[in-house]
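# Notes for the structure review
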Amino acid sequence: MDLNNSSTPRSLSREASWGYDHRMINYIQNAANQGLYEIRGLGAKRQLPHFDDLVFLGASLTRYPLEGYREKCSTKTVLGTRYAKKPIELDIPITIAGMSFGSLSAHVKDALGRAATAAGTSTTTGDGGMTPEERLSSKTLVYQCLPSRYGFNPDDVRKADAIEIVIGQGAKPGGGGMLLGQKINPRVAQMRTLPEGIDQRSACRHPDWTGSDDLTIKIAELRELTDWEKPIYVKVGASRPFNDVKLAVQSGADVVVVDGMQGGTAATQVVFIEHVGIPTLAAVRQAVDALEDLNMKGKVQLIVSGGVRTGADVAKALAMGADAVSIGQGTLFAMGCNQETYLQDGTHYSAVDDYTALGTTPGHCHHCHTGKCPVGITTQDAMLEQRLEPQVGAQRVKNYLQTLAMELTTIARACGKQNVHHLEPEDLAALTIEAAAMARIPLAGTNWIPGA
Amino acid sequence: MDGLTRSNDLTFDLAQMPLRDVNQFLHHNVESGQKITILNPDGAHNIAVGLDAPIDLDIAGHAGYYAAGMNKLANVTIAGNVGPGVAENMMSGRVHVRGFASVAAGASAHSGLLVIDGDASLRCGISLKGADIVVGGNVGSFSGFMAQAGRMVVCGNAGDALGDSLYEAIIYVRGDIKSLGADAQLQPMTDTDYSTLEELLTKAELTYSPQEFKRIASAKQLYHWNANAHQEY
Ligand code: SF4
């Protein structure tokens, strides 16, 4: 027996601490060196109860499945039916989440618009306003009204197909946007009315309203301004979704967007990303409870986001009661985020050296905040942004969305549904006690829902 | 023709007609230079939001939230007090409040001129993005919070935390300042400041001397959050 084998230390003199492991020691020493918190991109990295902890109960003797290829299964999705004269009609219940021009390059915004249009879904602007490129490439564009109001203007409100009032996001409920100086190039600065190169911290509260009574009037203003045509979404970061969704509905929202803590960001303090907010799984259930409590299910639509990656995730969100999902990070990975190479004129080039220069490797990168994205996605650098060719990005995101939609209908058919919106909690079982309690879905093989 | 009724002058009575219909008319059916009066506003919210034409609009009384919100091109006069967010996110034109204004007057306005004859409450000019605001009376606390561009003239006193986290906007105050916010500082007046004040006071029909005002602008210490950190965060 080798007591000194470092990979399986059995000697007490080599016992690692659970509380002060390598990561924690590294964290403390970084803090000691810098006197400043870490900022990074993307979402929570820690393991959380998630859609993976649920499974579907396919049809068998008690119910009939549909033929996988022959029988129709509708994915059509309508959002904003409550008050808007012109609701949003989508071919699939999978939308693209708000991500700013500034955090993303103009190429990427363009690619996302083209992909969404090809897949029959919507895309969303972000902090910093609407670019002409994304308006042009997106058939259906949701325009965000954020606390910062950077670039916000009535002409773009009129050009939008829907308006999303952003109260918060899952990566940082209670925090405002952040864009570090290295990403504020002249165009970004001009759109946001800010000096070039400054570290920009957006407001975390809206400037012209406080509280849900005010929000009611703010929503009415946007409706008056657009002659009651456009759906108004309200987006909240998941912290107290039961109460927040109720307040959003009472304020007059057509659609509520709930973003769980796995939701991504372009730049935020790590402590915020990992320690504020609740998992998407818990948030969906609370949001659906709120709609049911108000008897508004089906009248106000629910969009869920935060770590939705696969067709199975989409199906589970829908089965739990969401009307659609929204994806941010998944589209970035589809375009080549964390990939070893980038494509130029059909040839792959290695980006590994650029990952190394950021102190990371493909598969571990979360350096969107630096503006030095090795694959040209989250950058404003004129050279780097060339690494993402819009038509390539658009094709890959379209393929990704198409795959998710196919996976979604595969599951829906297996559960005997002609319409993906007919998936229901009854189709699900939970694999862990945590997921059972959060999703209020029985633990597989039992009728047990902890806490119910 | 001034003072006379022109053939295309119009009057809407909010006691008779729903606000939604009035706003819709103002969005789609007005002609340049048209003079329009809104009677019995009665404190309604969202009166004349989203104007997009060079018209002269008179609101004959008090207005609620977001009066003339997101205005473009129009010249709006309100013969009373207004609720929160008057002329919020204005893009151009002019909004003149004859009375007092509640919180967040001129919030995030990009351009144009907002004149308030009386006092303005908390957060006047918050997130200002290039518009000019002239307040004949006092402004409440947190006015000019995170103001990015534009000019604010306060002829009375200012409350606490004036100009907190200012970017490039400039604030002029004639009276006392209870306290300055983070990163806001008093700076010496320059010739440009005097001529700016001359211009804005004239436009607002006020007769104070530019010499009576102090200049508040950003010390720019918050532009880079921690310069010692070598951008390593
Ligand atoms: S590869 Fe680019 S988009 Fe992906 S995490 Fe790194 S910097 Fe961000």
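Look up: the structure comes first, before these words.
Just so it is clear, the model here is predicted, and its values are computed rather than measured.

### Focus: the overall build of chain B
For chain B, the helix and strand inventory stands at two helices and 11 strands. Along chain B, helices and strands appear, N-terminal first, in the series β-α-β-β-β-β-β-β-β-β-β-α-β. Computed over its C-alpha atoms, the radius of gyration of chain B comes to 19 Å, within 12% of the 17 Å expected for a compact globule of 233 residues. Each principal axis of the C-alpha atoms in chain B carries an extent, and together these give about 65 × 45 × 25 Å. Relative to its 233 residues, chain B shows a buried fraction of 57%. Long-range contacts, defined here as pairs at least 24 residues apart, represent 24% of the contacts in chain B between residues at least 6 apart.

### A word on the overall build of chain A
The secondary structure content of chain A amounts to 14 helices and 18 strands. For 452 residues, the compact-globule estimate of 2.2 N^0.38 gives 22 Å, and chain A sits close to it at 22 Å. Judged by the C-alpha coordinates and their principal axes, chain A covers about 65 × 60 × 50 Å. By residue count, 59% of the 452 residues in chain A fall in the buried class. Considering only contacts in chain A between residues 6 or more positions apart, those separated by 24 or more positions represent 67%. Of the charged side chains in chain A, 44 are positive and 48 negative; the average position of the first set lies 2 Å away from that of the second.

### As for helix H13 (residues 390–414) of chain A
If you check H13 of chain A, its first and last C-alpha atoms are 36 Å apart, about what 25 residues at 1.5 Å a residue would give, namely 36 Å. Count one or two residues on from H13 of chain A and you reach glycine 416 of chain A, which has phi positive near 80°.

### Some remarks on the environment of alanine 149 of chain B
Here alanine 149 of chain B lies in strand E8 (residues 149–154). Looking at alanine 149 of chain B, the relative accessible area reads 18%, which means it is buried. Among all residues touching alanine 149 of chain B, those that are not within four sequence positions of it are Thr193 of chain A together with Leu128, Lys129, Gly130, Ala131, Glu168 and Ala169 of chain B.

### A short note on the sheet that holds strand E14 (residues 301–305) of chain A
Residues and elements named next belong to chain A. With parallel pairing, eight strands are arranged side by side in an open sheet as E5-E15-E14-E12-E11-E8-E7-E6. Looking at strand neighbours, the two that pair on one side only are strand E5 (94–96) and strand E6 (122–124), the edges of this open sheet. Sheet twist, expressed as the mean angle between neighbouring strand axes with direction ignored, is 30°. For strand E12 (residues 255–259) and E14, the ladder comprises five bridges, and the chain directions are parallel. Each bridged residue has a counterpart across the sheet, and for aspartate 259 the counterpart in E14 is serine 305.

### Some words on a nonpolar patch on the surface
A surface patch of nonpolar side chains, amounting to about 430 Å² of accessible area, comprises Tyr20, Ile25, Tyr27 and Ile28 of chain A. Position of tyrosine 27 of chain A relative to the elements: it lies in helix H1 (residues 22–34).

### What about the pairing of E8 of chain B?
All names here are of chain B. Counting buried residues in E8 gives five out of six residues, a clear majority hidden from the surface. Relative to E8, strand E7 (residues 129–135) runs parallel, the two being bridged by five bridges. Looking across to E8, one finds that lysine 129 is bridged to alanine 149. Two strands pair when backbone bridges link them, and E8 and strand E9 (residues 170–173) are joined in this way by four bridges, in the parallel orientation. By the bridge assignment, methionine 152 is partnered in E9 with isoleucine 171.

### Quick word on the site of the ligand
Surveying the vicinity of the ligand reveals the residues Leu42, Cys337, Asn338, Tyr355, Cys365, His366, His367, Cys368, Cys373, Val375 and Thr378 of chain A. Taken together, the residues that form the shell around the ligand break down as seven nonpolar, four polar and no charged.

### Brief notes about the packing of aromatic side chains
Evaluation of the coordinates by the stated rule reveals six aromatic pairs over all chains. Taking 5.2 Å as the distance between ring centres and 10° as the angle between the ring planes, the aromatic pair formed by tyrosine 143 of chain A and phenylalanine 152 of chain A counts as stacked. Seen in terms of ring centroids, tyrosine 342 of chain A and tyrosine 349 of chain A are 5.8 Å apart; in terms of plane orientation they differ by 25°. Their pairing is stacked. Its relative accessible area of 14% is what places tyrosine 342 of chain A among the buried residues. Arginine 187 of chain A extends its terminal NZ or CZ atom over the ring of phenylalanine 101 of chain A, reaching a point 4.6 Å from the ring centre. Taking NZ or CZ as reference, lysine 218 of chain A lies 4.7 Å from the ring centre of tyrosine 66 of chain B, over its face.

### Looking at the nonpolar core
Within the largest apolar cluster, 96 residues are counted, with the highest numbers of intra-cluster contacts made by Leu54, Ile94, Val258, Met335 and Ile377 of chain A. Ranked by residues supplied to this core, first place goes to H13 of chain A with nine residues. In contact with isoleucine 94 of chain A, not counting residues within four places along its chain, are Thr121, Val314, Val325, Ile327, Leu401, Leu404 and Ala405 of chain A. By size, the runner-up hydrophobic cluster in this structure holds 50 residues, among which are Ile59, Ala68, Val86 and Val135 of chain B.

### Digging into the pattern of salt bridges
Counted by the stated rule, this structure contains 41 salt bridges over all chains. We note a salt bridge from aspartate 52 of chain A to arginine 309 of chain A, for which the minimum N-O separation is 3.1 Å. Taken as a pair, aspartate 52 of chain A in the loop between strand E1 (39–40) and strand E2 (54–56) and arginine 309 of chain A in the loop between E14 and helix H10 (311–320) lie far apart in primary sequence, 257 residues in all. Classification of arginine 309 of chain A as partly exposed rests on a relative accessible area of 34%. One continuous salt-bridge network, built from bridges that share partners, spans Arg149, Asp208, Lys218 and Glu221 of chain A together with Glu88 of chain B.

### Observations regarding the interface of chain A and chain B
Listed by partner, the interface residues are 41 residues for chain A and 40 residues for chain B. Counting every contact that joins chain A to chain B gives four salt bridges. A salt bridge links lysine 218 of chain A to glutamate 88 of chain B; the nearest nitrogen and oxygen atoms lie 3.2 Å apart. Scanning the region where chain A abuts chain B turns up 15 residue pairs in polar contact (both at pLDDT 80 or more). For the side of chain A that touches chain B, the secondary structure elements donating two or more residues are helix H4 (154–159) and helix H6 (211–225) of chain A. By residue number, the principal contributor to the side of chain A that touches chain B is H6 of chain A, which donates eight residues.

### Quick look at H6 of chain A
Over its 15 residues, H6 of chain A runs 21 Å from end to end, which matches the ideal 21 Å to within 8%, given 1.5 Å per residue. Those residues of H6 of chain A not exposed but buried are Asp214, Leu215, Ile217, Lys218, Ile219, Glu221, Leu222, Arg223, Glu224 and Leu225 of chain A. Of the surrounding elements, those touching the buried residues of H6 of chain A are H4, strand E8 (162–166) and strand E11 (232–237) of chain A together with helix H1 (19–28) of chain B. Taken from the residues just after H6 of chain A, aspartate 227 of chain A is the one with a positive phi, measuring 55°.

So, how was this worked out
- Residues numbered from 1 in each chain as written.
- Chains lettered and ligands numbered in written order.
- Predicted model: local features only at pLDDT ≥ 70, side-chain atom pairs only at ≥ 80, totals over all residues.
- Heavy atoms only, no water.
- Helix = DSSP H or I, 4+ residues; strand = E, 2+ residues; numbered from the N terminus.
- Rg over C-alpha atoms; globule rule 2.2 N^0.38 Å.
- Buried < 20%, exposed > 50% of the residue type's maximum accessible area, 1.4 Å probe, protein only.
- Contact = heavy atoms within 4.5 Å.
- Lys, Arg positive; Asp, Glu negative; His and termini not counted.
- Charge placed at Lys NZ, Arg CZ, Asp CG, Glu CD.
- Expected span 1.5 Å × (residues − 1).
- Pairing = 2+ DSSP bridges.
- Axes fitted to C-alpha atoms, helices over the stretch in contact; angles between N-to-C directions.
- Patch = residues over 30% accessible without salt bridge, like charges linked within 9 Å, V, L, I, M, F, W, Y side chains within 5 Å.
- Areas by Shrake-Rupley, 256 points an atom, 1.4 Å probe, with all protein chains shown as cover.
- Salt bridge = Lys/Arg side-chain N within 4 Å of Asp/Glu carboxyl O.
- Near = heavy atom within 4 Å.
- Nonpolar A, V, L, I, M, F, W, Y, C, P; charged D, E, K, R; others polar.
- Phe/Tyr/Trp six-rings, centres within 6.5 Å; stacked < 30°, edge-to-face > 60°.
- Lys NZ or Arg CZ within 6 Å of the ring centre and 35° of its normal.
- Core = buried A, V, L, I, M, F, W, Y, C linked by side-chain atoms within 4.5 Å.
- Polar contact = N/O pair within 3.5 Å; in protein donor to acceptor, adjacent residues only side chain to side chain.

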